[in-house]
Amino acid sequence: MDSEPVRREPSNGDEELLKDIREDYTYFRDFWRENHEEAKIDLRFISGDPWEAKDRMEREDNNRPVLSPDELSQYQNATINNLRQNKRAIKVNPLGSGATDKDAEARSAIIRGIEYKSNAQSAYTNAFENEINCGFGFFRVTTKIIKAGEDDVEPRIKQIDNPLSVLLDPNSREADFSDQKRCFVMDVMRKRDFEKKYP
């Protein structure tokens, strides 16, 4: 039987942190709202439904055809299949003082092992598919505890299925967002599970 999570009263520091998080979330969400609305339209077209609900209803009420010819998937599939045939991987170049090809190869081998354990190709492909479908796609680098109760961790590359669940820092200036200070990745979980995980 699961025990009830231990609840603690939030401190002033917690309240300040939560206030900052809420303000940041609202700012990020509002900044990306237009992009997300356009992405939803793109995804609707990709799924084979180019009609607005109002237009569809009007045509159906007047017994007019509502056709949805598939004109996109051939181009979409050609692009995505090209990626699948030419798999992506992280490449290490020997740069800086004392760096050698041997060091780069050793690091590449370690990274290949991480990619293999992470099933990184599926994460790369999923991010690319989302990018083709709606303009942006994501994966994340996280860590996994190797043995319970120990401090040893290994990096893992994980896919993010829903590109609309990510809100990048609007104040970032680099094209790859490598200088961002914060980022929201939203997820849904049952309230009971949330209370267990975050008492």
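Quick look at the overall build of the chain now. Across its full length, the chain holds six helices and four strands. If you list the helices and strands of the chain from N to C, you get α-α-α-α-α-β-β-β-β-α. Taking 16 Å as the expected radius of gyration for a compact globule of 199 residues, we find that the chain reaches 23 Å, considerably beyond that expectation. For the chain, the spread of C-alpha atoms along the principal axes amounts to about 70 × 55 × 45 Å. Across the 199 residues of the chain, 19% fall into the buried class. Counted over contacts in the chain with a minimum sequence separation of 6, partners at least 24 positions apart contribute 52%. When the accessible surface of the chain is split by element, carbon and sulfur atoms take 50% of a total near 15500 Å². Distance from the positive charge centre (33 side chains) to the negative charge centre (40 side chains) of the chain: 4 Å.

In this model helix α3 (residues 73–85) runs 18 Å from its N-terminal to its C-terminal C-alpha over 13 residues, within 8% of the 18 Å that 1.5 Å per residue would give. Every buried residue belonging to α3 is among Q76, I80 and L83, and all of these are buried. Buried residues along α3 cover an arc of 45 degrees about the axis, so they all sit on one side. Facing away from the buried side of α3, by more than 90 degrees, are the exposed residues Y75 and Q85.

Taken together, the side chains of L17, L18 and I21 present a nonpolar region at the surface, about 230 Å² in accessible area. Inspection of the secondary structure assignment puts L17 in helix α1 (residues 12–46). Judged by its relative accessible area of 48%, L17 falls in the partly exposed class.

For the rest of this paragraph, the subject is the nonpolar core. By size, the foremost hydrophobic cluster in this structure holds twelve residues: F28, W32, A39, C134, F136, F138, I160, L164, V166, L167, L168 and F184. Of all the secondary-structure elements, those providing two or more residues to this core are α1 and β3 (166–167). Residues within four places of C134 in sequence aside, it is in contact with A39, D42, L43 and P163.

Turning to the packing of aromatic side chains, a few remarks are in order. Applying the stated criterion across every chain, the model contains eight aromatic pairs. Considering the side-chain rings of Y27 and F28, the 6.0 Å spacing of their centres and the 65 degrees angle between planes classify their relative orientation as edge-to-face. Judged by relative accessible area, F28 falls into the buried class, the value being 1%. Between F31 and W32, the ring centres sit 5.1 Å apart and the planes meet at 80 degrees, which makes this aromatic pair edge-to-face.

Attention now goes to the confidence of the model for the chain. Put simply, the chain has an average pLDDT of 88, and 94% of its residues get 70 or more. Low pLDDT, under 50, characterises residues 1–5; the stretch is placed with four contacts to residues that sit more than four places away or in other chains.

Quick look at the environment of D161 now. Relative to the helices and strands, D161 is located in the loop between β2 (153–159) and β3. Here the alpha-carbon distance between D161 and K117, two residues 44 residues apart in the chain, equals 19 Å. At 2.5 Å, the side chain of D161 forms a polar contact with the side chain of Q159.

The rules we used
Residues numbered from 1 in each chain as written. Predicted model: local features only at pLDDT ≥ 70, side-chain atom pairs only at ≥ 80, totals over all residues. Heavy atoms only, no water. Helix = DSSP H or I, 4+ residues; strand = E, 2+ residues; numbered from the N terminus. Rg over C-alpha atoms; globule rule 2.2 N^0.38 Å. Buried < 20%, exposed > 50% of the residue type's maximum accessible area, 1.4 Å probe, protein only. Contact = heavy atoms within 4.5 Å. Areas by Shrake-Rupley, 256 points an atom, 1.4 Å probe, with all protein chains shown as cover. Lys, Arg positive; Asp, Glu negative; His and termini not counted. Charge placed at Lys NZ, Arg CZ, Asp CG, Glu CD. Expected span 1.5 Å × (residues − 1). Arc of directions from axis to C-beta. Patch = residues over 30% accessible without salt bridge, like charges linked within 9 Å, V, L, I, M, F, W, Y side chains within 5 Å. Salt bridge = Lys/Arg side-chain N within 4 Å of Asp/Glu carboxyl O. Core = buried A, V, L, I, M, F, W, Y, C linked by side-chain atoms within 4.5 Å. Phe/Tyr/Trp six-rings, centres within 6.5 Å; stacked < 30°, edge-to-face > 60°. pLDDT = per-residue confidence, 0-100. Polar contact = N/O pair within 3.5 Å; in protein donor to acceptor, adjacent residues only side chain to side chain.

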